[in-house]
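If you want the building blocks of each chain, they are given just below.
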Number of protein chains: 2
Amino acid sequence: MTSEVRPDQATLPLPPMRWNGWGDPALAKPLPADIRDLLAAAFGVTPSEEPELAAAEVVLTPSALTAADRDHLAAIVGAEHVGTADTDRLLRAGGKSTPDLLRRRSRAEQDAPDAVVLPGSEEEIAALLALCAERRIAVVPFGGGTSVVGGLDPVRAGFTAVISLDLRRLDALHSLDETSGEAVLGAGLTGPRAEELLAERGWELGHYPQSFRYATIGGFAATRSSGQDSAGHGRFDDMVRGLRVVTPTGTVDLGRAPASAAGPDLRQLFLGSEGTLGVITAVRLRVHPLPAVKAYEAWSFPDFATGAAALRAVEQQQTGPTVIRLSDEAETAVNLAMTDKIGGSTVTGGCLAVTVFEGTAEQVAAGHERTRAVLLAAGATSLGEEPARAWEHGRFNAPYLRDSLLDAGALCETLETATDWARLGELKAGVTAALTDALRATGTESMVMCHISHVYPTGASLYFTVVAAEKGDPAEQWAGVKRAACDAIMAGGGTISHHHAVGTDHRPWMEQEIGEVGVRILRAVKDTVDPAGILNPGKLIP
Amino acid sequence: MTSEVRPDQATLPLPPMRWNGWGDPALAKPLPADIRDLLAAAFGVTPSEEPELAAAEVVLTPSALTAADRDHLAAIVGAEHVGTADTDRLLRAGGKSTPDLLRRRSRAEQDAPDAVVLPGSEEEIAALLALCAERRIAVVPFGGGTSVVGGLDPVRAGFTAVISLDLRRLDALHSLDETSGEAVLGAGLTGPRAEELLAERGWELGHYPQSFRYATIGGFAATRSSGQDSAGHGRFDDMVRGLRVVTPTGTVDLGRAPASAAGPDLRQLFLGSEGTLGVITAVRLRVHPLPAVKAYEAWSFPDFATGAAALRAVEQQQTGPTVIRLSDEAETAVNLAMTDKIGGSTVTGGCLAVTVFEGTAEQVAAGHERTRAVLLAAGATSLGEEPARAWEHGRFNAPYLRDSLLDAGALCETLETATDWARLGELKAGVTAALTDALRATGTESMVMCHISHVYPTGASLYFTVVAAEKGDPAEQWAGVKRAACDAIMAGGGTISHHHAVGTDHRPWMEQEIGEVGVRILRAVKDTVDPAGILNPGKLIP
């Protein structure tokens, strides 16, 4: 259905994902008939009659890189590691947000980096940054290409060209310290490859965000990623013991100890820096032995508030699940938590929750029992292990569903935030109302679904999935709806992003997030490490 | 024995601690006879024959504050909240490190802040900072006055005067959110007062560093403090959900959510900023219900390596102690872990470890049982609960012991670091050798004792206590020994401070700690928020 680019048109190894959608084309699934019927009945959605754009039909802005600069780049990394073919460039033209995918469908000229460069070492990266600073070439670090916040947009204002710095060659497991439980992993390692290298030695990182199959260690660090096992293993930033970053003014190696009182924790400046302060090359991470045992149990709650209070009790009492998540009534009703069974028969009314436990047999048994007791006391009904296993089976597949919805002519996107437990219900209501009202103002009813997937002693995340009909230019339509949702997040006391990061899409809300002084601090740090401003311009820092 | 200052000589409320030693004079204890004998026999230490300096005999540098500037300060906070009396100034002249206490004994002119100012609100602090920037007056934020790294030194180079900004009036429990488990506490609240206000409502913060009785919430945040219950409740920086900071260029309010991917975590810049980037006024902290039950058990290990491996197993398996600590053979031999029984009969040979468990009856029983199993399997012998209770009873009293040792004519000081588990033994040996060799070079044998008091999945802290004879000028003697120890810490891969912070004393090692780029970043942030450089000059940032 989708025209894939032909590998023989590329001069470099390509990112493994579809050029105009998520993931592996072989895994794409057409929408189930009853979902299509629902879309038609509820929102009047019908598939577009326009033929889909083929990759070969895409018109890219011509590469602005001069032959001289191409030669300079090649002199540093080798000619075989510089690509300017349209296919090389198209595959690094952006991330995978709905606006990104809508942009890929455009018959107008599409912007893309002018070249793709694959460095093989920190020395090469340092030399590239020096060259780019001198030649005023912008540099967009590229990991798995899974950004959903415009983090990869080739912003070129004020620059002679923009290159995509694809870090895939930094793919080593540098070291594993089995005593301390630490591994140093190359920034270009994908989630699966990192876990494979660790598993060969009996270890696991345990970071499983939805982007796991494609995203990289460097990307996880640069975006403060949070994985689905965060209840057990923490966010990615919790796992980081140290990191190495090449900046245009020198290399940084931070993290001398598990914890320190030696001044501000500068690791926390580079975590979440989204390529604007330096190129993360290697990350020292806490790892743990592969779990011996896993246990699963799914639950039903009569309503979201009861379920949220139950998750809060589990987290505040630290009973020990590795995964704990709760779908609201709307998400439960369409079975969204079990992506591969979407639209199939639901296993419960009310709200579905999923728990997974990992560790030694003893740890799993004890954690499971403690968690059970708390959940049952808080109003849960057990649904047995099958729905939890089904959730896990489809845990990385939701983005395929979005592709199918877009293909079917629906507007579909996700967004997320986090706040304290006391404000969670109000924030959820506020964001839901903002989405619903803003979409209605564009002429469509909508379906807003929500889940909690990350819990903390003091609060939790909220992840929204929105489906509606496209009205007018869907990119413009969504831009307005997204603005309304972001304003509602800020008004409700949430963070503008719990785990998707800032990129270009959330940048307008950063001053509200960190204040005017905070923005000045980020700019000062940026000016210090990247005085020419070449690193991922237009992202993160207002 | 020690001449205390007379309160009627002060114009402001005074810090509660002795002017020339730790804590409450009523709690000071002369050294047990056998320790005195040991000091004499091992190191030839004899009490000084010089009479101790009385507070009234101290000659302070005259206050450099002009009458006009005093009036300006008084116009902001009220005349009753500005003090320039020698007693006011002497009590804020420095912290409580051994070099500080040696300095207090000097008959030469002693430096002190030119005035003490007690602001009552953020607005007053902002106005004070604006005035001080204009008048080029340096500002040293003052909490409990417990710094042991020279964090309070009145560095005046380049300034017309220096004031101590005593934050004791910021002493409110601003709010308690029992759903989210969060409290907003004023920066000037001492540890005991904060716990008292929370306990009235059934809650606890659970941060118990050795400085607990005097240090403040703002100080804990500014120094990245770590409490003795860190295994259960985390370091202070782990507890911080948000904080408010008044900088000379605007007020910062950080922390919109329990966790966020909205760029770098700027809270982590102000945590550990030691008064150089702003004045922390209030901290939003994670709190928990008061524990229903506590359990205690002490342990004996044949040697330090076996004990350390056992602590590592407990922490990596997350079996759940609130406190876990291990004394080495030397510390165990003098019973130092039970401060109030120092020199008394020891309860074990080898190495003493202490565990404490807190929570609900069920949590305590389960955590205790799991921890027991791991420790016993790792080579521990139970010593029952009494030694652990004795440790807790004396947990805040070790600094009194140092005072007594100094009074007895011995040189005594502590220092600390942290590293990964794999390097812990080597780092301990390296620092011990550096201390022993450096002291020997000054002409004295020494006793170097060590304990682990903070554990992490990937590593642990090392806390050293050193006793030797004074040789020559003890301040100069210690300065050389401290340099050797710090160099050994850096050579061994440790951090220059795990929980004492940087101040003036560790500043020479900061470039090694965070690198040249890291130093430039700190300077840039400093220049951005404090362009006049008035905030705590000479501390932290090289």
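Residues numbered from 1 in each chain as written. Chains lettered and ligands numbered in written order. Predicted model: local features only at pLDDT ≥ 70, side-chain atom pairs only at ≥ 80, totals over all residues. Heavy atoms only, no water.

Where we set the bar: UniProt positions are given in the numbering used here, feature names are shortened, and annotations may be inferred rather than shown by experiment.
An unreviewed UniProt entry annotates chain A as Alkyldihydroxyacetonephosphate synthase of Kitasatospora paracochleata. The UniProt entry for chain A carries the following text under Sequence similarities (unreviewed entry): "Belongs to the FAD-binding oxidoreductase/transferase type 4 family."

**Things to note about the nonpolar core**
Applied cut-off: Nonpolar cores are built from buried Ala, Val, Leu, Ile, Met, Phe, Trp, Tyr and Cys residues. Side-chain atoms within 4.5 Å join them into one set. Whether a residue is buried, partly exposed or exposed follows from its accessible area with a 1.4 Å probe, protein chains only, as a fraction of its type maximum: under 20%, in between, or over 50%, in that order. Contacts are assigned to residue pairs that have any heavy atoms within 4.5 Å of one another.
Ranked by internal contacts, the top residues of the largest apolar core, which has 170 residues, are Ile452 of chain A together with Ile452 of chain B. Non-local contacts of isoleucine 452 of chain B, meaning those with residues more than four positions away in its chain, are made with Phe304, Ala308, Leu311, Ile324, Arg325, Leu326, Trp421, Leu424, Ala460, Ser461 and Leu462 of chain B.

**With respect to unusual backbone geometry**
Note: most peptide bonds trans; most residues except glycine with negative phi. We count it as follows: For helices the rule is a DSSP run of H or I covering at least 4 residues; for strands it is a run of E covering at least 2, with both sets numbered from the N terminus onward.
The residue leucine 540 of chain A is not glycine, and still its phi comes out positive at about 65 degrees. Mapped onto the elements, leucine 540 of chain A comes out in the segment after helix 18 (510-529). Located in the positive-phi region is alanine 501 of chain B, a residue other than glycine, with phi close to 80 degrees.

**Quick notes on helix 14 (residues 386-393) of chain A**
Note: α-helices contain 3.6 residues per turn, so residues at a spacing of three or four share the same orientation. Residues of helix 14 of chain A that are buried include every one of Pro387, Ala388, Ala390, Trp391 and Glu392 of chain A, and no others. Contacts made by the buried residues of helix 14 of chain A are with strand 12 (293-301), strand 13 (323-327), strand 14 (351-359) and strand 15 (381-384) of chain A.

**Remarks on the pattern of salt bridges**
Residues and elements named next belong to chain A. Quick reminder of the rule: A side-chain nitrogen of Lys or Arg and a carboxyl oxygen of Asp or Glu constitute a salt bridge if their distance falls within 4 Å.
In this structure the tally under the stated criterion is 66 salt bridges over all chains. With a closest N to O distance of 3.9 Å, glutamate 124 and arginine 169 form a salt bridge. Taken as a pair, glutamate 124 in helix 5 (residues 122-135) and arginine 169 in the loop between strand 4 (161-166) and strand 5 (173-177) lie far apart in primary sequence, 45 residues in all. When its relative accessible area of 19% is taken as the criterion, glutamate 124 is described as buried.

**As for the relation of the copies chain A and chain B**
What counts here: To superpose the copies, least squares is applied to the C-alpha atoms of every residue with a pLDDT of at least 70 in both.
Superposing chain A onto chain B requires a rotation of 180 degrees together with a translation of 0.0 Å along the rotation axis, leaving an RMSD of 0.0 Å. Here the copies are linked by what is in effect a two-fold axis. Looking at the interface residues of chain A, 100% of them are also at the interface in chain B, so both copies use one shared face.

**Notes on the packing of helix 16 (residues 424-441) of chain A against helix 17 (residues 474-491) of chain A**
Helices that pack against each other are described as a pair by the angle of their axes relative to one another and the distance between those axes. Residues and elements named next belong to chain A. So the rule is basically this: Axis definition: a line fitted to C-alpha atoms, limited for helices to the stretch in contact. Angles are taken between N-to-C directions and run from 0 to 180 degrees. An angle below 35 degrees is treated as roughly parallel, one above 145 as roughly antiparallel, one from 65 to 115 as roughly perpendicular, and anything else as oblique. Crossing handedness is read from the near helix: turned anticlockwise from the far helix by less than a right angle, it gives a left-handed crossing, and turned clockwise, a right-handed one.
Two elements in contact, helix 16 and helix 17, have axes whose closest approach is 8 Å; the angle formed by their N-to-C orientations is 155 degrees. Judged by the angle between their axes, helix 16 and helix 17 are roughly antiparallel. Of the two possible hands of crossing, helix 16 and helix 17 adopt the one that is right-handed. When helix 16 is examined against helix 17, the residues Leu427, Gly430, Val431, Ala434, Leu435, Ala438 and Leu439 are found in contact with a partner set consisting of Gln477, Trp478, Val481, Ala484, Ala485, Ala488 and Ile489.

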